Amino acid sequence: EGKTNRITPERIKRLNDIGFFWSVEHKPQQKRTPFNQRLVELEEFKNEFGHCDVRYTFDDHASLSKWCSKMRNSYLELQTKGKTNGLNFEKVERLNEMGFVWSPKKRLGRRAFKKRESFG
């Protein structure tokens, strides 16, 4: 009751003696890759694999996979909440033209079903 949260000079000295850091260094924000550059990467991926369904399982394309996941989340927010988060209708159209997969789980289900049909 009535206690303050001030640190005493004695505690300051003790913390200094053990090498306490008084300020937090902020990491510089990572430079974001522009949307158009990611589209080029996506196009290269599509040329190599024949689709635009970039998943986290593509180890060599982890950065692109994270971006695709972010685009999917931003698209959901655009549809449900009207939030753009850097994704607008023009960018959505450009991704659609490339054949971007907005719901990879549904596509996986169809692929898995087709595989089961071929074995049945």
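Parameters at a glance
- Each residue is numbered by its place in its chain's sequence as written, counting from 1.
- In keeping with the predicted nature of the model, local features appear solely for residues at pLDDT of at least 70, side-chain atom pairs appear and are counted solely at 80 or more, and the whole-chain, interface and lining totals rest on all residues.
- Water and hydrogen atoms play no part in the side-chain values, which are based on all heavy atoms of the structure.
- Helix and strand labels come from DSSP, where a helix needs a run of H or I of at least four residues and a strand needs a run of E of at least two; each type is numbered from the N terminus.
- The buried label applies to any residue whose accessible area, calculated with a 1.4 Å probe on protein chains only, is under 20% of its type's maximum; exposed applies above 50%, and partly exposed to all values in between.
- Residues count as neighbours in contact if any of their non-hydrogen atoms are within 4.5 Å of one another.
- Only the protein chains shown count as cover for residues, with accessible areas throughout obtained via the Shrake-Rupley method and a probe of 1.4 Å.
- Side-chain atoms within 4.5 Å link the members of a nonpolar core, which is a set of buried Ala, Val, Leu, Ile, Met, Phe, Trp, Tyr and Cys residues.
- Confidence scores labelled pLDDT are given residue by residue by the predictor and lie between 0 and 100.
- In protein, a polar contact means a hydrogen-donor-capable atom and an acceptor-capable atom, both N or O and within 3.5 Å, with residues adjacent in sequence counting only if both atoms are side-chain atoms; elsewhere, any N or O pair within 3.5 Å suffices.
- Patches were defined on residues exceeding 30% relative accessible area and lacking a salt bridge, with like-charge contacts within 9 Å and nonpolar side-chain contacts (Val, Leu, Ile, Met, Phe, Trp, Tyr) within 5 Å.
- Salt bridge, as applied in this entry: a Lys or Arg side-chain nitrogen positioned within 4 Å of an Asp or Glu carboxyl oxygen.

**What to know about the overall build of the protein**
- Along its length, the protein carries 5 helices and 0 strands.
- Counting from the amino terminus, the protein carries its helices and strands in the arrangement α-α-α-α-α.
- Per-residue burial over the protein gives 23% buried out of 120 residues.
- For the protein, contacts bridging at least 24 residues in sequence account for 45% of all contacts bridging at least 6.
- Of the roughly 10,400 Å² of accessible surface on the protein, a fraction of 51% belongs to carbon and sulfur atoms.

**A closer look at the nonpolar core**
- Counting residues in hydrophobic clusters, the biggest one holds 19 residues, and the most contacted among them are Leu42, Trp67, Met71, Leu95 and Trp102.
- Looking at this core, the elements that each hand over two or more residues are helix H2 (35-49), helix H3 (62-81) and helix H4 (89-98).
- A total of 6 residues in this core trace back to one element, the largest contributor, which is H3.

**A closer look at helix H1 (residues 9-17)**
- Burial runs low along H1: only 0 of the 9 residues are buried.
- Within two residues after H1, Gly19 carries a phi angle of roughly 85°, on the positive side.

**Some points on the environment of Ile7**
- Position of Ile7 relative to the elements: it lies in the segment before H1.
- Apart from the residues within four sequence positions on either side, Ile7 is in contact with Ile12, Leu15 and Trp22.

**With respect to the confidence of the model for the protein**
- Of all residues in the protein, 75% have pLDDT values of 70 or greater, and the mean over the chain is 79.
- pLDDT under 50 marks residues 107-120. Its contacts with residues more than four places away, or in other chains, come to 6 contacts.

**So, the side chain of Arg38**
- With respect to the secondary-structure elements, Arg38 resides in helix H2.
- A polar atom in the side chain of Arg38 sits 2.9 Å from the side chain of Ser63.
- In contact with Arg38, other than residues within four places in its own chain, are Thr33, Ser63, Leu64 and Trp67.

**What about a nonpolar patch on the surface?**
- On the surface, a nonpolar cluster with roughly 510 Å² of combined accessible area is contributed by Ile7, Ile12, Ile18, Phe20 and Trp22.
- Note on Ile7: relative accessible area 40%, which makes it partly exposed.

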